[in-house]
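Overview (structure and organization)
Okay, here's what each chain looks like letter by letter:
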Amino acid sequence: MWDAPCTKERSPIPELPEVETVRRELEPWLTGRRILSAALVDAQPGPKYANLKHAEGQQIVRVDRRGKFLLLPLASPDPQRDGTERDVLVIHLGMTGVVTHVQPAAHERVRLTLDGRDKTTLHFQDVRRFGRFLLLEEGNPAALPTLAAMGPEPLADDFTTEALWRGVRGREAAIKTLLLSQRPVAGVGNIYADEALWRVGIHPRRPARQLTKKQVAHLHGAIRDVLQASIEAQGTTLYDYRTVNGEVGAYLEKLDAYGHEGEPCRRCGTTIERIVVGQRSSHVCPTCQRPPRARRKQRPTRR
DNA sequence: CGAGTGCCCTGACAGC
DNA sequence: TGCTGTCAGGGCACTC
């Protein structure tokens, strides 16, 4: 079981599997509902909550997901716009975002009222305000640059080894930094990046251009495996998380690298280290994941 | 354009 | 006890 370093872990950081779980919960609730009102609660207007008023009167057509973004396309009641222009309600959970029909005790940022008979209020709670809840007007995807430049969905058919290879080939940046950019593939966050890299024995700091095509093929498989397994597990683990106060084992036990600093590597027994890559904490086995040669120190500038 | 850095924000926790 | 400092991290603005 876990020693002290892990007991302070909080609820899971929303990555793709968690967001997909939320999407599946929202879909039957929200599909077809009309938004009667949209309002900020404990929040200041700003780009994170842009154009919310435009959602009023519109109908939620679907509940989609793109990477870690929830996308709710809206149908306008205006017949001139219907079918041609579509606004999209965009929700990003950030670190602490929660969408619920239960009134939160604090930190509610956005509230929607919906038509229908039950669960007619949607609350967006976000303690740390890293999340977003905004309306994206069609034709303005540049308002969310990460979404606009996002790579293929990791579990979709177009995420092939070849696609990942194209996304990382020749790049100088550390492979983990590149994965977190969402550009080679969508939805990979800090936890699953560490997990996938551990599985294939690639050091997170290794410049992407140093990877062989075979390594990229393995990485491609590992990303899919890790995310697929997590999605399958989330149905129960995330639910347990919400109901069993303080219970952390079910979630973290599935991970091999993330959160295991100071523990033996499950493959070779070497102590897992925590390092920083691209200003994000990273967990590596120094034996399985051979570090790249230290960068040559720059010569001191002469004077 | 790619790569790197700092910032946002708040609660949990360590240390004194 | 209560204060101060540190940490966590997705996405974005900014610089070079």
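Residues numbered from 1 in each chain as written. Chains lettered and ligands numbered in written order. Predicted model: local features only at pLDDT ≥ 70, side-chain atom pairs only at ≥ 80, totals over all residues. Heavy atoms only, no water.

1. Let's talk about the protein's contact with DNA strand B
Near DNA strand B lie ten residues; those nearest to it are Val-127, Arg-129, Phe-130, Arg-171 and Glu-172. Considering the 4 Å shell around the protein, atoms of DNA strand B inside it are sugar or phosphate in 67% of instances. Measuring from a phosphate oxygen of DNA strand B, one finds a side-chain N or O atom of Arg-171 at 2.5 Å. (Near = heavy atom within 4 Å. Polar contact = N/O pair within 3.5 Å; in protein donor to acceptor, adjacent residues only side chain to side chain.)

2. Structural notes on the packing of aromatic side chains
Any pair of aromatic rings gets described here by the distance separating the centres and the angle formed by the planes. As enumerated under the stated definition, the model contains one aromatic pair in all. A centroid spacing of 5.2 Å and a plane angle of 50° characterise the contact between Phe-124 and Phe-133, whose relative ring orientation is tilted. Both residues of the pair, Phe-124 and Phe-133, count as buried. Above the face of the Phe-130 ring, Arg-128 is positioned so that its terminal group lies 5.9 Å from the ring centre. Its end group placed over the ring of Trp-198, Arg-267 keeps NZ or CZ at 3.9 Å from the ring centre. (Phe/Tyr/Trp six-rings, centres within 6.5 Å; stacked < 30°, edge-to-face > 60°. Buried < 20%, exposed > 50% of the residue type's maximum accessible area, 1.4 Å probe, protein only. Lys NZ or Arg CZ within 6 Å of the ring centre and 35° of its normal.)

3. Some remarks on the pattern of salt bridges
Summed over all chains, the structure comprises 16 salt bridges. Across the salt bridge formed by Asp-64 and Arg-62, the nearest N and O atoms sit 3.1 Å from each other. Note that Asp-256 is salt-bridged to Arg-266, the shortest N-O span being 3.2 Å. Within this pair, whereas Asp-256 is found in the loop between helix H8 (249-252) and strand E10 (273-277), its partner Arg-266 is found in the loop between H8 and E10, the two being separated by ten residues in sequence. (Salt bridge = Lys/Arg side-chain N within 4 Å of Asp/Glu carboxyl O. Helix = DSSP H or I, 4+ residues; strand = E, 2+ residues; numbered from the N terminus.)

4. A short note on the pairing of strand E11 (residues 280-284)
Looking at chain direction, E10 and E11 are connected through five bridges and run antiparallel. Residue pairing for E11: Ile-275 is matched across the bridge by Ser-282. Counting the residues between successive antiparallel strands, the hairpin from E10 to E11 contains two residues, one of them, Gly-278, with a positive phi of roughly 55°. (Pairing = 2+ DSSP bridges.)

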